[in-house]
Amino acid sequence: MMVKKRILTGDRPTGPLHLGHYVGSLVNRVKLQHEYDEFIIIADVQALTTNFDHPEKLSEDVYNVCLDYLACGIDPNLTTIFIQSHIPEIAELTIYYSMLVPISLLRYNPTIKTEAKQYGYDAKGMTYGFLGYPVSQAADITFCQAHLVPVGADQVPHIELTRKIVRRFNELYRSVLIEPEALVGDIPRLAGLDGNAKMSKSLGNCIYLSDSPEIVTKRVNMAVTDPARIHSKDPGHPEVCNVFAYQKAFNPKFSQELEENCRAGKIGCVPCKKTLIAAVNELLEPLRARRKKYEADKDTINQILIQGTKRAQEEAKKTIALVRDAMKINYFK
Ligand code: TRP
């Protein structure tokens, strides 16, 4: 039998997953789990890099992210879902790798720069943990010797760093680590329903996978459309319309027809939104059904996390043995 290649990807547990996560990565993960040996990391330590002052939220977020995965159709028999903080080898690898990373490489990492701005961290107040999280992410990816890392474009600098670390390590000590590749989806990022590029709970501009049909209706009805369109018979401009971007993602079969009718002023925003609401609810229906099944059974979710973490720990032990041998820090062997 051919051995399947390994995938590692994951999320910070900082709140419920939304439609942007779904089209951007979750659908892909559900598909890839059949072809690859898939690992999904719930990166709770990485969440602490910005949420260290309220760790009490983590356990609920870890649980809910796992529930979101299962609702999407991630199958725990095919995919290993595990918790970062419970793999101590990740912390150990992070320390070894940190010797190989010049600080300048972290300071100029574009994703770190964007996030620092977003959280209001300046060079003086920025923590060692935040600045260094891409090193820890390299440990997330390499502890299980992943070949492929499906991620959004914002994560590419971190995968590049991982590759650099792996090359340096293999060259300096012994070639034991697999150099991973990023697999970047080609789906354009969905903006918030209010047109704001960032989807966030406080802005109320996104649809969560756990939202009810009523909330979906409410959110879509509140969505901002082409501002030049005052009357329903005015010709519309789908290229600037937020709802149209959603139509393309969730109503692909009708999006061309909707586009033509919108341009011709033949369909108003209200009926257009109605078709989107129907499409999103149809998409979410099977997710809701799976969620209901798992929600009633907290024990099963805990077992899935425990078993997944156990499997990840086994992989971590193998890798750390290779790493220590390569670095000659296996004194009593
Ligand atoms: N940094 C990723 C994010 O914010 C989450 C993450 C942590 C991750 N470790 C990873 C993604 C390893 C891919 C591989 O979305």
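What counts and what doesn't
Residues numbered from 1 in each chain as written. Predicted model: local features only at pLDDT ≥ 70, side-chain atom pairs only at ≥ 80, totals over all residues. Heavy atoms only, no water. Helix = DSSP H or I, 4+ residues; strand = E, 2+ residues; numbered from the N terminus. Contact = heavy atoms within 4.5 Å. 1 Å grid on protein atoms, 1.4 Å probe; cavity = no way out; pocket = protein on both sides within 12 Å on 5 of 7 lines; lining within 4 Å. Points joined across faces, edges and corners; volume = space filled by probe spheres on them. Buried < 20%, exposed > 50% of the residue type's maximum accessible area, 1.4 Å probe, protein only. Polar contact = N/O pair within 3.5 Å; in protein donor to acceptor, adjacent residues only side chain to side chain. Domains from an automatic or database assignment. Buried area = accessible area lost by both parts, 1.4 Å probe. Salt bridge = Lys/Arg side-chain N within 4 Å of Asp/Glu carboxyl O. Nonpolar A, V, L, I, M, F, W, Y, C, P; charged D, E, K, R; others polar. Axes fitted to C-alpha atoms, helices over the stretch in contact; angles between N-to-C directions. Parallel < 35°, antiparallel > 145°, perpendicular 65-115°, else oblique. Phe/Tyr/Trp six-rings, centres within 6.5 Å; stacked < 30°, edge-to-face > 60°. Lys NZ or Arg CZ within 6 Å of the ring centre and 35° of its normal.

1. Topic: the side chain of Asp 325
- Positionally, Asp 325 belongs in helix α14 (residues 298–327).
- Apart from the residues within four sequence positions on either side, Asp 325 is in contact with Arg 174, Asn 330 and Lys 333.

2. What about the layout of surface pockets?
- Computed from the structure, the second largest pocket encloses a volume of approximately 550 Å³.
- Lining of the second largest pocket is provided by 23 residues; of these, Thr 94, Tyr 128, Gly 129, Gly 132 and Ser 136 occupy positions nearest its centre.
- Elements with a contribution of two residues or more to the lining of the second largest pocket: α2 (44–51), α4 (88–98), α5 (103–107), α7 (128–131) and α8 (133–142).
- With five residues, α4 is the single largest residue contributor to the lining of the second largest pocket.

3. Observations regarding the side chain of His 158
- Topologically, His 158 is positioned in helix α9 (residues 156–172).
- Taking relative accessible area as the criterion, His 158 reaches 0% and is therefore assigned buried.
- Side-chain polar atoms of His 158 contact the side chain of Tyr 133, separated by 2.9 Å.
- In contact with His 158, not counting residues within four places along its chain, are Asn 109, Thr 111, Ile 112, Tyr 133, Pro 134 and Gln 137.

4. Observations concerning the domain arrangement of the protein
- By domain assignment, the protein separates into domain 1 (6–191 + 298–327) and domain 2 (213–291).
- Placing a centre on the C-alpha atoms of domain 1 and another on those of domain 2 gives a separation of 34 Å.
- Contacts between domain 1 and domain 2 engage eleven residues on the former and twelve residues on the latter.
- Summed over both partners, the interface of domain 1 with domain 2 comes to about 970 Å²; 69% of that surface belongs to carbon and sulfur atoms.
- Three residues stand out in domain 1 for area buried against domain 2, namely Leu 19, Ala 71 and Leu 190, and they jointly supply 48% of the buried area on that side.
- Connecting domain 1 to domain 2 are one salt bridge.
- Summed over the shared surface of domain 1 and domain 2, the result is four residue pairs in polar contact (both at pLDDT 80 or more).
- Only α1 (19–32) and α3 (58–72) provide two or more residues apiece to the side of domain 1 that touches domain 2.
- Tallied by class, residues from the side of domain 1 that touches domain 2 come to nine nonpolar, one polar and one charged.

5. A few points about empty space enclosed by the protein
- Taken as a whole, this structure holds three cavities of 30 Å³ or more when the rule is applied.
- For the largest cavity, the calculated volume is near 120 Å³.
- Looking at the lining of the largest cavity, the elements with two or more residues in it are α11 (242–250), α12 (255–263) and α13 (269–295).
- Residues of the lining of the largest cavity, tallied by class, amount to nine nonpolar, four polar and four charged.
- Reported here for the second largest cavity is a volume of approximately 50 Å³.

6. Remarks on the packing of α8 against α9
- Running from N to C, α8 and α9 point in directions that differ by 70°, and their axes come no closer than 9 Å. The angle between α8 and α9 places the two elements in the roughly perpendicular class. Contact residues: Tyr 133, Pro 134, Val 135, Gln 137, Ala 138, Ile 141 and Thr 142 in α8; His 158, Ile 159, Leu 161, Thr 162, Ile 165 and Val 166 in α9.
- Split into classes, the residues belonging to the contact of α8 with α9 amount to nine nonpolar, four polar and no charged.

7. So, the packing of aromatic side chains
- For the coordinates displayed, the defined rule picks out nine aromatic pairs.
- Where Tyr 121 meets Phe 130, the ring centres are 5.0 Å apart and the plane angle is 80°; that geometry is what we call edge-to-face.
- Overall, the relative accessible area of 0% leaves Phe 130 in the buried class.
- Aromatic side chains Tyr 246 and Phe 250 sit 6.0 Å apart centroid to centroid with 35° between the ring planes, which places their arrangement in the tilted category. Of this pair, Tyr 246 and Phe 250 both sit in helix α11, four residues apart, roughly one helical turn.
- Aromatic ring contacts, followed pair by pair, group Tyr 119, Tyr 121, Phe 130 and Tyr 133 into a single cluster.
- Sitting above the plane of the Tyr 294 ring, Lys 293 keeps its charged end 4.7 Å from the centroid.
- Above the plane of the ring of Tyr 63 lies Lys 298, whose end atom (NZ or CZ) is 4.5 Å from the centre.

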